[in-house]
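Breakdown of the fold
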Amino acid sequence: MSKTPDPVNPADPLGAGAPPVATAAAKGATPFARPVTTNVLPEGALQETGAFLPQSGTRFEGTADNPRVSRTTTGYLYAGQNLVNEKGSVDRAPYDIVRETYTELTKLDSTERAALLKEMYQRGLYEKGVKPSTSGLGQQDLRVMSDILKSSNQYGYNWRTSLNFIRQDNPVSTSGSGRRVSQKLDLAGDLQREALGTLGRALTKQELNALVLQVQRGEAAGTASTSTLVEMAPGQANPDEAQAYGFARVADFTSQVLAGN
């Protein structure tokens with residue numbers, strides 16, 4: 001049964017709740033570990049072996065004169081392909097994007113569906129100039145839901161739980177223009193690859209977070225294409241380092257040419 005929208009908390013209209021304590025270290029890097037409370041696989045989930053890593057805790061028993069220490073299993077880290085729910089248990093198999101995009105949207109009643117699509121519009125998941133359909137489901141509505149399910153498969157959680165991470169990656173636009181911005185984890189890989197070519201090294205976590213936000217702001221403002229923003233970002237943030245690395249590459253290329261002569 002779907003959850004009822006919470007009119008008291010407009011930031012969470014579908015009642016998805018708080019995000020899990022721990023998430024995947026890198027979206028799309030599977031298998032990745034997620035904390036779960038049980039090692040039971042539900043019906044319909046992909047059947048796996050060796051996907052649960054027991055986590056144990058120490059318990060002290062007995063008396064001061066005769067202490068005993070025992071270890072108990074406190075939970076598990078799940079490193080499989082299935083999706084985890086907000087309660088910390090394996091919920092289901094990954095979404096079939098083609099078959100389940102329409103199905104998942106139509107599971108919601110009209111109030112829930114309108115709340116979800118309005119929120120995604122405010123967070124920039126719709127293309128520029130496109131708003132959620134007011135009658136039925138339009139192609140853009142289905143595309144947005146498809147993106148949600150794809151992200152959920154990468155996060156490793158069902159889509160309601162993954163809404164928390166989608167919200168973190170896509171802040172609400174003050175203008176509500178619906179201008180689409182890329183998700184944080186999708187930009188991270190592109191920025192790291194560009195940094196290797198521009199700076200000769202990977203970005204630090206602090207640099208990466210700052211540049212992701214910079215690119216998203218540029219996308220929201222429409223200052224340039226995403227590819228251009230990503231290409232320019234590492235060099236703009238570290239101009240001296242980019243120039244020095246460029247000179248080093250030219251010098252290395254020149255020495256190779258001279259050696260060949």
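What comes next is a walk through the structure. (Residues numbered from 1 in each chain as written. Predicted model: local features only at pLDDT ≥ 70, side-chain atom pairs only at ≥ 80, totals over all residues. Heavy atoms only, no water.)

So, on to the pairing of strand β2 (residues 52–62). By the bridge criterion, 11 bridges tie β2 to strand β3 (residues 67–78) in an arrangement that is antiparallel. Its bridge partner lying in β3, E61 is registered against R68. The loop that links β2 with its antiparallel partner β3 comprises 4 residues. (Pairing = 2+ DSSP bridges. Helix = DSSP H or I, 4+ residues; strand = E, 2+ residues; numbered from the N terminus.)

Our next topic: the pairing of β3. Residues in a regular strand point their side chains to alternate faces of the sheet. Pairing between strand β1 (residues 34–36) and β3: 3 bridges, direction antiparallel. Residue pairing for β3: V36 is matched across the bridge by Y76.

We now examine the nonpolar core. Counting residues in each nonpolar core, the largest one holds 29 residues, and the members touching the most others are F52, L116, M120, I148 and W159. Listing elements by their share of this core, those giving two or more residues are β3, β4 (83–84), α2 (110–122), α3 (139–155) and α4 (159–169). Per element, the largest residue contribution to this core is 6 residues, and it comes from α3. In this structure, L191, L203, V230 and A242 belong to the second largest nonpolar core, which totals 14 residues. (Core = buried A, V, L, I, M, F, W, Y, C linked by side-chain atoms within 4.5 Å. Buried < 20%, exposed > 50% of the residue type's maximum accessible area, 1.4 Å probe, protein only.)

It is possible for side chains of opposite charge to pair when their charged atoms get near one another. Inspection of every chain in the model, using the stated rule, returns 8 salt bridges. Between R92 and E100 there is a salt bridge, with the nearest N and O atoms lying 2.7 Å from each other. Just as R92 is buried, E100 falls in that class too. Among the charged side chains, a network of salt bridges with common partners joins E119, R123 and R167. (Salt bridge = Lys/Arg side-chain N within 4 Å of Asp/Glu carboxyl O.)

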